Amino acid sequence: MALAAVGLLALPGPLPGTAGRPPPAGNQDTIEVWVCAVPLDTRAPVYQPSPLRLDLDPATVADQLDEHVRRYFATLSHGRYAPRFVAGGVLSLSADDGGEECMARAQDRSRRTADAVLAVANAEHRADAHGGLGNPGARCAQADAPCPASVSRRGAYVGASDFHPAWGPLPAFDLVEHELGHTLGWPHSGSPAGEYDSALDMMSDSTAPRAAFPDEHHAGGTLGVNLADAGWIPASDVVRVPREGTASTYRISRSAGPAGLRLLELPLTADRFLTVELLTADGLDRHLPESGIAITWVDASAAACGTPCDPLRRRHIAQRSAPPYTDLLQAGEDPWSGHGWRVEVDSVDDGTAVVTVAPRTRRSGAAG
């Protein structure tokens, strides 16, 4: 069977239910960094009952992020996005204030030049508490006008744990990268029972690279649906496979690559679909034990994320294997079948894969 040409049946716009947020001017956001001073008598349940308070300087933190996290996103986006980090200031929280209040106060105080804020508490979180928060904010009334964080409420927050001196001269950056992913409109992924159990996506287990490389400070890569949502995989590099007809065979490039057909969309309903992509065990995904095909169930229905769809409530559910989902579909293995589709890997070689997909029924089931 002949291979499908790149661009055949390419999507005319953003994937269904994705934010479709236009890229920031100059391929960068200005993210203002604030430090929140947590009082010793804090009653906020998120913080450790400890007198430890880190001496965090917003300018120092901003400089570290500007060098390292900026480079991470430039790599992830192949230069399409490189946020700039600048110093904000220090805020004093009350005894009842937690992460939400820390981020809100930073947004209130931020300059009009700030597209988003990153607020960092100087106290560590409890081990059973969330690591941080992130919000893409709301669109401003004029889409072509500047939309500062003080208006959009776009921002992220983390506790002090990843800035503890025990990390060495540099903090751990993976949690910050994860929360900044939320400011781009990216939701969690993983299994129906857990949002942090997939090593395939920095929006799930951002610490997965450290399990393989203990000195790693950064997150891994992210799913192709997020890359397409951000515009880093353009619509011309995505194919929507017809639900009618016979099997179709495609040669796809790795979804983390700079160009080429990188993502297949297998439609289920108007707002639910599967994505098929090649992940390779190199670059930001060097922690993966093998290269292979990942399949993700995407639910952007009103039942999942409301109307209009809140992108952070969109469901990205890994298919086929069990957590951490690194048992990727390989050439020579039995095809995967689910939700009315069949996916077979014909070959994986040198950063490309040949994949055959076929609709099986008109009916789409629940996530599995």
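Heads up: these notes are all about the structure in this document. A quick note: this is a predicted structure, and the numbers were derived from the prediction, not measured. (Residues numbered from 1 in each chain as written. Predicted model: local features only at pLDDT ≥ 70, side-chain atom pairs only at ≥ 80, totals over all residues. Heavy atoms only, no water.)

**Quick notes on the environment of D201**
By the element assignment, D201 lies in the loop between β6 (189–190) and α5 (208–212). With relative accessibility at 1%, the residue D201 sits in the buried group. In the structure, D201 is positioned 20 residues away from G221 in sequence and 5.9 Å away in space, judged by C-alpha atoms. Discounting chain neighbours no more than four positions away, the residues touching D201 are S189, G221, T222, L223 and N226. (Helix = DSSP H or I, 4+ residues; strand = E, 2+ residues; numbered from the N terminus. Buried < 20%, exposed > 50% of the residue type's maximum accessible area, 1.4 Å probe, protein only. Contact = heavy atoms within 4.5 Å.)

**What to know about the packing of helix α1 (residues 58–77) against helix α4 (residues 174–183)**
Axis separation between α1 and α4 bottoms out at 11 Å; the angle between their running directions is 60°. Taken together, the axes of α1 and α4 lie oblique to each other. Our pair here, α1 against α4, has a crossing hand that is right-handed. Along its contact with α1, which presents L65, V69, Y72 and F73, the element α4 presents V176, E177, L180 and G181. (Axes fitted to C-alpha atoms, helices over the stretch in contact; angles between N-to-C directions. Parallel < 35°, antiparallel > 145°, perpendicular 65-115°, else oblique. Left-handed = near helix turned anticlockwise from the far one by under 90°.)

**Observations regarding α4**
Summarising burial for α4: ten of the ten residues are buried, a large majority. When we look at burial in α4, the residues that qualify are D174, L175, V176, E177, H178, E179, L180, G181, H182 and T183. Once α4 ends, the next one or two residues include G185, with phi positive near 95°.

**Some points on the side chain of S206**
Topologically, S206 is positioned in the loop between β6 and α5. A relative accessible area of 8% places S206 in the buried class. Separated by 2.9 Å, the side chains of S206 and D174 make a polar contact. In this structure S206 touches D174, L175, H178, H218, A219 and G220, once residues within four positions along its chain are discounted. (Polar contact = N/O pair within 3.5 Å; in protein donor to acceptor, adjacent residues only side chain to side chain.)

**As for the state of the cysteines**
Here, disulfide denotes a covalent bond that connects the sulfur atoms of two cysteines. Applying the stated criterion across every chain, the model contains two disulfides. Linked covalently through their sulfurs, C36 and C102 form a disulfide whose S-S length is 2.1 Å. Taking the torsion about the sulfur-sulfur bond, which here is approximately 95°, the covalent link between C36 and C102 counts as right-handed. With C36 in strand β1 (residues 30–37) and C102 in helix α2 (residues 99–109), the pair connects residues that are 66 residues apart, well separated along the chain. In this model, C305 is linked to C309 through a disulfide, with the two sulfur atoms separated by 2.1 Å. In this structure, the disulfide formed by C305 and C309 twists by about -115° around the S-S bond and is classed as left-handed. On the accessibility criterion, C309 (23% relative accessible area) is partly exposed. (Disulfide = S-S within 2.5 Å.)

**With respect to the pairing of strand β2 (residues 84–92)**
Direction of pairing for β1 relative to β2: parallel, over a ladder of seven bridges. Within β2, the residue paired with V33 across the bridge is A87. Note on the crossover from β1 through α1 to β2: the handedness is right-handed. (Pairing = 2+ DSSP bridges. Right-handed = clockwise from strand over helix to strand, strands pointing away.)

**A short note on the packing of aromatic side chains**
Tallied over the entire structure, the rule returns four aromatic pairs. With 5.1 Å between their ring centres and 85° between their planes, Y72 and F73 make a pair best called edge-to-face. Assigned by exposure class, Y72 and F73 land together as buried. Taking the centre distance of 5.7 Å and the plane angle of 80° together, the rings of F73 and Y81 count as edge-to-face. Three or more aromatic residues joined by ring pairs form one cluster here, namely Y72, F73, Y81, W186 and W232. It is R286 that lies over the ring of F213; its NZ or CZ is 3.8 Å from the centre. (Phe/Tyr/Trp six-rings, centres within 6.5 Å; stacked < 30°, edge-to-face > 60°. Lys NZ or Arg CZ within 6 Å of the ring centre and 35° of its normal.)

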